[in-house]
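# Structural overview for review
Residues per chain are reported as follows:
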Amino acid sequence: MKLRRLTAHVLTSAAVSLTLGTTAFAQTKWDLPTAYPATNFHTENIAQFADDVDKATGGKLKITVHANASLFKAPEIKRAVQSSQAQAGEILLVNYQNEAPLFGADGLPFLADSYDSSMKLYQAQKPLLQKKLGEQGMSLLYAVAWPPQGIYAKKSLASAADLKGVKWRAYSPATARIAELVGAQPVTIQASELSQALATGVVESYMSSGSTGVDSKTYEHLKFFFDTQAWLPKNAVIVNKAAFEALDPSTRQAVLKAAADAEVRGWAASRRVNASSLETLKANGMSIVAPSPALKADMKKVGDTMLKEWLDKAGPEGQAMVDAYRK
Ligand code: PCA
């Protein structure tokens, strides 16, 4: 019995070698779950990354991208990669702030509120992210910022007082904290469930990018976008370290090269999508409004409170990171 199975195995391997014309060919397959729709610029960028890896390795590493939280829900993706249920994955870093404050550094209102400052913050955050993920058996391949975050609302907002009692969608601990600070009612809903929540009236307001407003067709339910440009949270593509180290050196190199390219391409795409998505919202009847000085001042105060709270939790390491960023 044993011998027969072995013979069958040898025959199959031989057949594979013959078909492929090489004895050294071994194909590796990875799953890469993401939480955002296939048409989102992050996901399109990841699809290109997977394609680049496929081409550069001559098909030796095939990465299947699972969009729109179809394989794992957004908050579960990091754990899935850590536990090898998926070899790689895309996570929204700020979702993991309760695990380590470091992950929430790019979710603090007005700490880094432009593409340039956000890239600078990323450079200060990156060594710490690598260290933390490394301790957890993972590695950061690349990260890309979402467009700047503004406030979606049903009615015009003169100041933050107009958000009192409003049903507010949060996607992270920080966006839930904002609700508390302005007196709104937070409910945590990930992007893949946002359209539904808007349609059923569970959500009347939220902060996010123009990109997510377009993905979720928010213009069908809410009429205003206050372009506060408050922060630019990042999606990070991470990999299970053991899975990465199991690759041969040239495949590893191809992954790193494709990741570096994806990072550059992703930041450029984010800037473009920031402009185009606001146009799309407008074309669909939304008012894109510059926040009033009062609303701006209120949100700035929220940001100051949250930075203070964050620094209290993040300790000397967090302070050093903020100092490095502000230098
Ligand atoms: N879109 C994601 C996170 C940040 C963003 O711009 C969301 O709203 O879920």
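See the structure printed just above.
For the structure given in this document, a descriptive report is provided here. (Residues numbered from 1 in each chain as written. Predicted model: local features only at pLDDT ≥ 70, side-chain atom pairs only at ≥ 80, totals over all residues. Heavy atoms only, no water.)

Per the secondary structure count, the protein includes ten helices and eleven strands. Computed over C-alpha atoms, the radius of gyration of the protein comes to 22 Å, within 12% of the 20 Å expected from 2.2 N^0.38 for 327 residues, which places it in the range of a compact globule. Taken over the C-alpha atoms alone, the protein extends approximately 80 × 45 × 35 Å along its principal axes. Within the protein, buried positions represent 51% of all 327 residues. Accessible area for the protein stands at about 14,800 Å²; split by element, carbon and sulfur atoms hold 55% of it. (Helix = DSSP H or I, 4+ residues; strand = E, 2+ residues; numbered from the N terminus. Rg over C-alpha atoms; globule rule 2.2 N^0.38 Å. Buried < 20%, exposed > 50% of the residue type's maximum accessible area, 1.4 Å probe, protein only. Areas by Shrake-Rupley, 256 points an atom, 1.4 Å probe, with all protein chains shown as cover.)

So, on to the nonpolar core. Within soluble globular proteins, side chains that are nonpolar tend to cluster in buried spots. With 92 residues, the main nonpolar core has Trp-30, Phe-49, Tyr-142, Trp-168 and Met-321 as its most contacted residues. Of all the elements, helix α10 (residues 293–326) adds the most residues to this core, at ten residues. Residues contacting Trp-168, with those up to four places away along its chain left out, are Ile-151, Leu-163, Thr-175, Ile-178, Ala-179, Ala-184, Gln-185, Pro-186, Val-187, Ser-205, Tyr-206 and Met-207. Tyr-152, Leu-198, Tyr-206 and Tyr-219 belong to the second largest nonpolar core, which has 13 residues in total. (Core = buried A, V, L, I, M, F, W, Y, C linked by side-chain atoms within 4.5 Å. Contact = heavy atoms within 4.5 Å.)

The calculated volume of the largest pocket comes to roughly 260 Å³. Taken together, 13 residues form the lining of the largest pocket, with Gln-97, Asn-98, Arg-177, Glu-309 and Lys-313 sitting closest to its centre. Element by element, the count of residues in the lining of the largest pocket is highest for α10, at four residues. Looking at the lining of the largest pocket residue by residue, the class counts come to seven nonpolar, two polar and four charged. (1 Å grid on protein atoms, 1.4 Å probe; cavity = no way out; pocket = protein on both sides within 12 Å on 5 of 7 lines; lining within 4 Å. Points joined across faces, edges and corners; volume = space filled by probe spheres on them. Nonpolar A, V, L, I, M, F, W, Y, C, P; charged D, E, K, R; others polar.)

To continue, consider the site of the ligand. Lining the immediate environment of the ligand, one finds Leu-92, Trp-146, Gln-149, Arg-169, Tyr-171, Ala-191, Ser-208, Ser-209, Thr-212 and Pro-233. At 2.6 Å, a side-chain N or O of Ser-209 approaches an oxygen atom of the ligand. In the complex, the protein chains occlude 100% of the 260 Å² of accessible area that the ligand would expose alone. For the ligand, the cavity whose grid points lie within 2 Å of the majority of its atoms is the largest cavity. (Near = heavy atom within 4 Å. Polar contact = N/O pair within 3.5 Å; in protein donor to acceptor, adjacent residues only side chain to side chain. Sits in = over half its atoms within 2 Å of the grid points.)

This part takes up the side chain of Thr-34. Here Thr-34 lies in the loop between β1 (28–33) and α2 (41–56). Not counting the four nearest positions on each side in its chain, Thr-34 is found in contact with Thr-43, Ile-46, Val-65, His-66, Ala-67, Asn-68, Ala-69, Ser-70, Ile-77 and Glu-90.

Taken together, three strands build an open sheet; the order of strands is β3-β10-β4 and the sheet is antiparallel. Every other strand in the sheet has two partners, leaving β3 (88–92) and β4 (138–145) as the edge strands with one partner each. Each neighbouring strand pair of the sheet contributes to a mean axis angle of 25°, computed without reference to strand direction. Here α2 sits on the sheet and contacts β3, β4 and β10 (234–240); the angle it forms with β4, its principal contact strand, is near 130°. (Pairing = 2+ DSSP bridges. Axes fitted to C-alpha atoms, helices over the stretch in contact; angles between N-to-C directions.)

Once that is clear, we can look at the pairing of strand β2 (residues 61–66). Relative to β2, β1 runs parallel, the two being bridged by six bridges. Bridge pairing in β2 places Lys-29 opposite Lys-62. Tracing the backbone out of β1, into α2 and back to the parallel element β2 gives a crossover that is right-handed. (Right-handed = clockwise from strand over helix to strand, strands pointing away.)

Let's shift gears to unusual backbone geometry. Its identity is not glycine, yet Ala-69 carries a phi of approximately 60°, on the positive side. If you check the backbone angles, Lys-217 has positive phi at about 50° while not being a glycine. As for its position among the elements, Lys-217 is in the loop between α7 (210–215) and β9 (224–226). A relative accessible area of 41% means that Lys-217 is categorised as partly exposed.

The residue Gly-201 is located in the loop between α6 (194–199) and β8 (205–208) in this model. Considered as a pair, Gly-201 and His-221 are 20 residues apart in the sequence and their alpha carbons are 8.7 Å apart.

For the rest of this paragraph, the subject is empty space enclosed by the protein. Tallied over the full model, the rule gives two cavities of 30 Å³ or more. Space inside the largest cavity adds up to approximately 80 Å³. In this structure, the largest cavity is lined by Tyr-36, Leu-92, Trp-146, Gln-149, Arg-169, Tyr-171, Gln-190, Ala-191, Ser-208, Thr-212 and Pro-233. Considering only residue class, the lining of the largest cavity consists of six nonpolar, four polar and one charged. Here the second largest cavity defines a volume of roughly 30 Å³.

Either a parallel or an antiparallel arrangement is found when strands of a sheet pair, and the pairing is made through backbone hydrogen bonds. Spatially, the six strands line up as an open sheet ordered β7-β6-β8-β5-β9-β11, and their pairing is mixed. Of all strands in the sheet, those bounded by a partner on one side alone are β7 (185–188) and β11 (287–289). Between one strand axis and the next, the sheet turns through 25° on average, direction left out of account. Sheet topology places strand β5 (residues 150–153) next to β8; four bridges connect them, and they run antiparallel. The partner of Gly-150 across the bridge, within β8, is Ser-208.

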